[in-house]
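# Tertiary structure, described
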Amino acid sequence: MDRIAAIQAFVRVVEAGSFARAAQRLRSSTSSISRQVAALEQHLGARLLNRTTRKLSLTEGGQAFYERSVQLLAELEEAEQLASATAASPRGTIRLTCPRNLAAQQVAPVIARFAARPPSVRFDVTVSDGLIDLVDEGFDLAIRIGRVGADGLVARRLGRVRLVLAAAPSYLRQNGAPRAPSDLAGHRALTYAYSAAPQLWRLIGPEGDAHEVRVAGQLMANSGELLIASAVAGLGLVLQPEFMMELELTAGHLVRVLPDYEGPLLDTWAVYPSRRHLSAKVRLFVDHLVESFAVDGASTPASRG
């Protein structure tokens, strides 16, 4: 029995919640993964998993063995990297997830600059605005706006994103321009589905006073690009990150609404499961993210967690 492979199979089964999903992630067969875990249990002389037709659960001994196994695999990876001088030239694949509104304009250039330095690092990127479970789905890192996600994750702030309220000139000619935040309740709002409260818009006045307005409209979507395009087409008002609307604002396809009122600032985070077991390649890339976002005009980075 290859004990390291068996331990890896066991850890992936626990993280995935099933032998079948673990086999997919390890690019193996379910029967092979099952045999490895069974051989590991036989070698230890202890049952690690309770198996039922519906779910798997850890035994008390299995829980303790799982926690030590996670640590062992992380330390083994670090040892391999050190042995092959990967601290200076990291290798392997970084599994990354990021939201659509950051992917093309901000994340892609950062990846390109990083990949040019250590060419042995590969990236497997999933673009999604949802809060993916990093541990369950096997991701190394997430870049997120506003919401960090589950408790226990480590979050390092990259910067801040300003939301801006805008509309097409055609919409304003037909419906009039709001003169105060309270007027927004009478306008068509294009709302973002992944906001904590999509129908509740918040603006900051010239004196720093906060205004919350309940809005409604004909369109809610989980794509900022779709909302902005719909605003350009004259469907309603949109509250989205300023950097996403920069071209439309410069070209005059959109104009600022209530320009004396600022949209909220949302923190942008690099999020990962554990600082203690962070691999060299991910640690270097997170540092690169912090440096890149700061150079590109983000606010002073800070750490959380």
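Preceding block: the structure.
Rules used in this analysis
Residues numbered from 1 in each chain as written. Predicted model: local features only at pLDDT ≥ 70, side-chain atom pairs only at ≥ 80, totals over all residues. Heavy atoms only, no water. Helix = DSSP H or I, 4+ residues; strand = E, 2+ residues; numbered from the N terminus. Contact = heavy atoms within 4.5 Å. Areas by Shrake-Rupley, 256 points an atom, 1.4 Å probe, with all protein chains shown as cover. Buried < 20%, exposed > 50% of the residue type's maximum accessible area, 1.4 Å probe, protein only. Pairing = 2+ DSSP bridges. Core = buried A, V, L, I, M, F, W, Y, C linked by side-chain atoms within 4.5 Å. Salt bridge = Lys/Arg side-chain N within 4 Å of Asp/Glu carboxyl O. Expected span 1.5 Å × (residues − 1). Polar contact = N/O pair within 3.5 Å; in protein donor to acceptor, adjacent residues only side chain to side chain. Axes fitted to C-alpha atoms, helices over the stretch in contact; angles between N-to-C directions. Parallel < 35°, antiparallel > 145°, perpendicular 65-115°, else oblique. Left-handed = near helix turned anticlockwise from the far one by under 90°. Nonpolar A, V, L, I, M, F, W, Y, C, P; charged D, E, K, R; others polar. Phe/Tyr/Trp six-rings, centres within 6.5 Å; stacked < 30°, edge-to-face > 60°.

## A few points about the overall build of the chain
- Per the secondary structure count, the chain includes 10 helices and 14 strands.
- Long-range pairs, those at least 24 residues apart, make up 73% of the contacts in the chain with a sequence separation of at least 6.
- Entry remark: accessible area of the chain is about 15800 Å², with carbon and sulfur atoms responsible for 49%.

## A short note on the pairing of strand β8 (residues 200-204)
- Only one face of β8 is buried, namely the one carrying W201 and L203, since none of L200, R202 and I204 on the opposite face is buried.
- Pairing of β8 with strand β9 (residues 210-214) involves five bridges; the strand directions are antiparallel. Considered in β9, the bridge of L203 is made with H211.
- Linkage of β8 to β9, two consecutive antiparallel strands, is achieved through a turn of five residues, within which G208 is found at a positive phi near 85°.

## Points about the nonpolar core
- Formed by 40 residues in total, the largest nonpolar core has its most connected members in L96, L141, I143, V238, F285 and L289.
- What L96 contacts, discounting residues up to four positions off in sequence, is V107, I111, D124, V125, T126, F139, L141, A142, I143 and F285.

## Let's talk about the pattern of salt bridges
- For the structure shown, the criterion picks out eight salt bridges.
- With a closest N to O distance of 2.7 Å, D287 and R156 form a salt bridge. Residue D287 is found in helix α10 (residues 280-295), and its partner R156 is found in strand β6 (residues 154-167); the two are separated by 131 residues along the sequence.
- Note on D287: relative accessible area 28%, which makes it partly exposed.

## Regarding helix α1 (residues 3-16)
- In this model, α1 (14 residues) spans 20 Å end to end at C-alpha, consistent with the 20 Å of a helix rising 1.5 Å per residue.
- When we look at burial in α1, the residues that qualify are A6, I7, A9, F10, V11, V13, E15 and A16.
- Measuring from the side-chain oxygen of the N-cap residue of α1 to the backbone nitrogen of I4 gives 3.2 Å; that N-cap residue is D2.
- Taken from the residues just after α1, G17 is the one with a positive phi, measuring 85°.

## Some thoughts on the side chain of S223
- In this structure, S223 sits in the loop between β10 (216-221) and α8 (224-232).
- Only 3.4 Å separates the side chain of S223 from the backbone nitrogen of E225, close enough to count as a polar contact.
- Setting aside anything within four residues of it in sequence, one finds S223 in contact with D129 and Y192.

## Some details on the packing of α1 against helix α3 (residues 30-44)
- Orientation of α1 relative to α3, taken along the N-to-C sense of each, is 110°, at an axis distance of 8 Å. The orientation of α1 relative to α3 falls into the category roughly perpendicular. Here α1 and α3 pass one another in a crossing that is left-handed. Between α1, through R3, A5, A6, I7, A9, F10 and V13, and α3, the contact on the second element is made entirely by I33, Q36, V37, L40 and H43.
- Among the residues making up the contact of α1 with α3, the classes are represented as nine nonpolar, two polar and one charged.

## Describing unusual backbone geometry
- Non-glycine residue R27 carries a positive phi angle of around 55°.
- Of note, R27 is situated in the loop between α2 (19-25) and α3.
- Take R27: its relative accessible area is 78%, and that puts it in the exposed class.
- The phi dihedral of L258 falls on the positive side, at around 50°, and the residue is not glycine.

## Re the packing of aromatic side chains
- One pass over the full model with this rule turns up six aromatic pairs.
- With centroids separated by 6.1 Å and ring planes inclined at 80°, the aromatic side chains of Y192 and Y194 adopt a geometry described as edge-to-face.
- Under the relative-accessibility criterion, Y194 is labelled partly exposed at 30%.
- Grouping aromatic residues by their ring pairs yields a cluster made of F10, F65 and Y66.

## So, the packing of α8 against helix α9 (residues 242-251)
- One way to put it is that α8 packs onto α9 with a least axis distance of 11 Å and a crossing angle of 25°. Judged by the angle between their axes, α8 and α9 are roughly parallel. Read as a crossing pair, α8 and α9 show a hand that is right-handed. Only M244, M245 and E248 of α9 make contact with α8, whose side of the interface consists of G224, E225, I228 and V232.
- Classifying every residue of the contact of α8 with α9 gives four nonpolar, one polar and two charged.

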